[in-house]
Structures are given as structure tokens and as C-alpha cells.
Amino acid sequence: MSFQSLPKVELHLHLEGAAPPAFIRGLAQEKSVDLSGVFNEDGTYAFRDFVHFLSVYEAATQVLTGPEAFARLTHAVLEESAAQGVIYTEAFLSPDFCGGGDVAAWREYLHAIQEAAEATERDSGIVMRGIVTCIRHFGPDQAKRVALCAAETAGDWVTGFGIAGDEMKGKPGDFAYSFDMAREAGLRLTAHAGEWGGPASVRDAIRDLRVERIGHGVRAIEDPVLVEDLAERGIVLEVCPGSNVALGVYPRFDKHPIARLRDAGVKVTVSTDDPPFFHTTMTREYEELARAFGWEDEDFRALNLTALDAAFCDADTRDRLKPKLEPT
Ligand code: HPA
Ligand code: ZN
């Protein structure tokens, strides 16, 4: 069966990482930017491994100059998500690519992104919220600038703060100051961990950054005591199985630990991460999980209820969306 029309909640999507390759090529042409090395001959994004992925990703963002480009990107990404049945999406937004961490510039980019999101919600019904995200390999000082951008724009729409980028650079504790600033501004917290780092990276993120959700976190499976701890504390994992398979963290969907984590009582959710890079969509994720683990509509409904409960939106938004997850 196709899961396309099943209503879905997505918690882990990098806005720039969701840019369709044709969209980036179109902007490159408009702006006369040379993107050689970014694409394969068949037009898909070209990368060899995770670190190379990050550099191709950053190269592609060179064409996203100015708030208008981000408004168009937001519209394109949300239209595609809505077509995949997504009713609510939380996207990682990077002030690093939106004015370099300058608060005044960030406000202009954010205004454009939010306006595009609200226009798309009026057309397609999809609801978006933003998680401002620092980039680990840009270092703790730059992260403080990004955290200030987040704190200055925290509210009903920018509702979270996170960290992405190269998980093997530095330690979570190096970013504690930024996470403290974000927490004090009322933002809810998530961190990428346990994708490239082992179980210790997940423990460190929880202890040092005091996050309530973990981006990926799947390598927690290597430590049964940690798995139990995640279940007990109700820490939510933003699991992106197709991303993990595409980047070689696991060889195939049926080797992915998401089912074992779920069965151990860990709150798991499903997202796409950077869908065109990883040749995936929310529909494909569900299809692959159904094939690998025999999951059915009811399993996915439970995942989506977990995701909505863990969403960084206000109670009114949650209450408005919940009936859409009811079985029809
Ligand atoms: N992982 C870590 N950092 C990232 C990613 C990702 O998938 N996408 C964009 N930044
Ligand atoms: Zn990610």
C-alpha cells in the first residue's frame, strides 16, 4: 500500500538540506554561481561520505543568498512535504547560512521564511515551526552568535534550538553556554548525537546540553543501560532511517535499530533529515519500514502521535493538529 496520504508529523528536517537539486541549479544559473562538484551527471547531489556530504551541502547553500531565496526555498520544501502527507514539520534553520550569525540580518531572513511558511499553510494546510541550529564544526564561539540569534527571535514560531554538523568535532559540553542561553530564552532543546558518535555521545548531549530530544541517537542501541535510561526518561529520538542507510551507518533498513529501540520502550519518531540528498521522502521512509519490520498504519499512527507530543509547538497548535491523526 502507499503511505503517501497517511497524515505525518516530521521533527527532523534541515531546510537547506531539503532543497531539490533542480531548485539549487536554477538559483545557481540566476546568480551565476559555479557549483561544479555539487551534482552527479544525473543531476543528484554528489557525495562520498558524511564529511563530504557536509561540504557539498555547504557548497549548495552558496546560492541561497538573501531572504528572498530562503522564502522560495521554504515554499518549495513545504509544498513537497505537504505532497507527502506531512501536516506538521519542524525545520532546522541555520543563521550561519542566513547572514552569518548577525542578529539584524537573521531577523530579515527569518521574516521571509516565516512569511513563506504562513502563505504555504494557507494553501496546503501544512504547519511549520523553526528550530534554530548551530553548526558544530563552526565551533563554540560561532555557536554563541547563533544562540543569540535564536534567543532574540524565540517565540511562538522559533520554538527550539539545536546543534547539527560534524558530530566528531569537539564535545557537547563545548556548546553548553549556547544551550543555556537558548534554554533561558524559553527555547526547547535537541542535539544531533549517536549517529557517528557511539552511546557516550548521547549521554554527553543529555548531561551537558540538557536536551529533551536527540537527533538520530540510534547508536544508543549499543548500550542496553542507555536504552533503558532513554525509555525511563522519555527522551525522544528523531530517527532518520533512510539517512542512516544512505550514509552507511547501517547497511539496510532491516538492519536499522529503530524497531529494537521502539520495542525497548524508547520514544522513536521518523523523519527524512535531508530528503533529496538521501533519495528519500516521508512516504518512502514508511514504505521501507513497512517492508523491513511489517509496520502498519496503526504503528505509524502511534509514531506520529509520539512525534506530535514531542513537537516544540504550543498546546493550541498541538490540539488543532491531533484530530488529523485520527484513523479515518
Ligand atoms: N547531520 C548533521 N548535520 C547536518 C545534517 C545531517 O544530516 N544535515 C545538515 N547538517
Ligand atoms: Zn540531521
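Relevant structure appears above.
Our subject in this report is the structure included herewith. Because the structure is a prediction, the values reported are computed rather than measured.

### Examining the site of ligand 1
Thinking step 1. As a matter of local geometry, ligand 1 sits amid His14, Phe50, Phe53, Leu54, Tyr57, Ala164, Gly165, His192, Glu195, Asp273 and Asp274.
Thinking step 2. Side-chain polar atom of His14 to a nitrogen atom of ligand 1: 3.5 Å apart, as the coordinates give it.
Thinking step 3. Contacts to ligand 1 include Asp274, whose side-chain N or O atom sits 3.0 Å from an oxygen atom.
Thinking step 4. Calculation on ligand 1 without its partners gives an accessible area of 260 Å², and the protein chains cover 96% of this total.
Thinking step 5. By residue class, the composition of the shell around ligand 1 is five nonpolar, three polar and three charged.

### Concerning the sheet that holds strand β3 (residues 127–135)
Through backbone hydrogen bonds, the strands of a sheet pair up, either in parallel or in antiparallel fashion.
Thinking step 1. Taken together, the eight strands give an open sheet; going across it, the order is β1-β2-β3-β4-β5-β6-β7-β8, and neighbouring strands pair in parallel fashion. One side of each edge strand has no neighbouring strand; the edge strands of this open sheet are β1 (8–14) and β8 (267–270). Between one strand axis and the next, the sheet turns by 25° as a mean value, whatever way the strands run.

### Quick word on the coordination of the zinc ion (ligand 2)
Thinking step 1. Protein-derived ligands of the zinc ion (ligand 2) are His12 (NE2), His14 (NE2), His192 (NE2) and Asp273 (OD), with the metal-ligand distances lying across 2.1 to 2.2 Å.
Thinking step 2. Around the zinc ion (ligand 2) sit four donor atoms, and with donor-metal-donor angles ranging over 84 to 171° the site reads as irregular.
Thinking step 3. In the primary structure, the donors to the zinc ion (ligand 2) are separated according to the pattern H-x1-H-x177-H-x80-D. You can see His192 sitting in strand β5 (residues 188–193) and its partner Asp273 sitting in the loop between β8 and α11 (282–293), a full 81 residues away along the chain.

### So, the nonpolar core
As a rule of thumb, nonpolar side chains are buried together in soluble globular proteins.
Thinking step 1. Ile24 and Phe161 are the most contacted members of the largest nonpolar core, which has 94 residues in total.
Thinking step 2. Residue contributions to this core peak at seven residues, all from helix α2 (residues 50–61).
Thinking step 3. Look past the residues within four positions of Ile24 in its chain and what remains in contact with it is Ala19, Leu35, Phe39, Tyr45, Ala60, Val63 and Leu64.
Thinking step 4. Among the nonpolar cores identified, the runner-up in size contains 13 residues, and Leu11, Ile87, Val127 and Leu325 belong to it.

### Quick look at helix α5 (residues 140–153)
Thinking step 1. For α5, which comprises 14 residues, the first-to-last C-alpha distance of 20 Å matches the rise-based estimate of 20 Å (1.5 Å per residue) to within 8%.
Thinking step 2. The complete set of buried residues in α5 reads Gln142, Ala143, Val146, Ala147, Cys149, Ala150 and Thr153. Buried residues of α5, viewed axially, fall in a sector of 155°; they line one side.
Thinking step 3. Among the structural elements, α4 (103–124), β3, β4 (158–164) and α6 (176–184) are those in contact with the buried residues of α5.

### Some remarks on the side chain of Asp223
Thinking step 1. Of note, Asp223 is situated in the loop between β6 (213–216) and α8 (224–233).
Thinking step 2. Among the polar contacts listed, one links the side chain of Asp223 to the side chain of Arg203, at a separation of 2.4 Å.
Thinking step 3. Apart from residues lying up to four places away in sequence, Asp223 is in contact with Pro199 and Arg203.

### With respect to the pattern of salt bridges
Thinking step 1. For the structure shown, the criterion picks out 23 salt bridges.
Thinking step 2. Notably, a salt bridge pairs Arg72 with Glu30, separated by 2.8 Å at the nearest N-O pair. A residue pair is termed long-range when its members are at least 10 positions apart, and Arg72 in helix α3 (residues 67–83) and Glu30 in helix α1 (residues 21–31) qualify at 42 residues.
Thinking step 3. A relative accessible area of 31% means that Arg72 is categorised as partly exposed.
Thinking step 4. The network of salt bridges with shared partners includes Glu30, Glu68 and Arg72.

Criteria and cut-off values
Residues numbered from 1 in each chain as written. Chains lettered and ligands numbered in written order. Predicted model: local features only at pLDDT ≥ 70, side-chain atom pairs only at ≥ 80, totals over all residues. Heavy atoms only, no water. Near = heavy atom within 4 Å. Polar contact = N/O pair within 3.5 Å; in protein donor to acceptor, adjacent residues only side chain to side chain. Areas by Shrake-Rupley, 256 points an atom, 1.4 Å probe, with all protein chains shown as cover. Nonpolar A, V, L, I, M, F, W, Y, C, P; charged D, E, K, R; others polar. Pairing = 2+ DSSP bridges. Helix = DSSP H or I, 4+ residues; strand = E, 2+ residues; numbered from the N terminus. Axes fitted to C-alpha atoms, helices over the stretch in contact; angles between N-to-C directions. Donors = N, O, S within 2.8 Å, 3.2 Å for Na, K, Ca; no water. Tetrahedral: all angles 85-135°; square planar, octahedral: opposite > 155°, others 65-115°. Core = buried A, V, L, I, M, F, W, Y, C linked by side-chain atoms within 4.5 Å. Buried < 20%, exposed > 50% of the residue type's maximum accessible area, 1.4 Å probe, protein only. Contact = heavy atoms within 4.5 Å. Expected span 1.5 Å × (residues − 1). Arc of directions from axis to C-beta. Salt bridge = Lys/Arg side-chain N within 4 Å of Asp/Glu carboxyl O.

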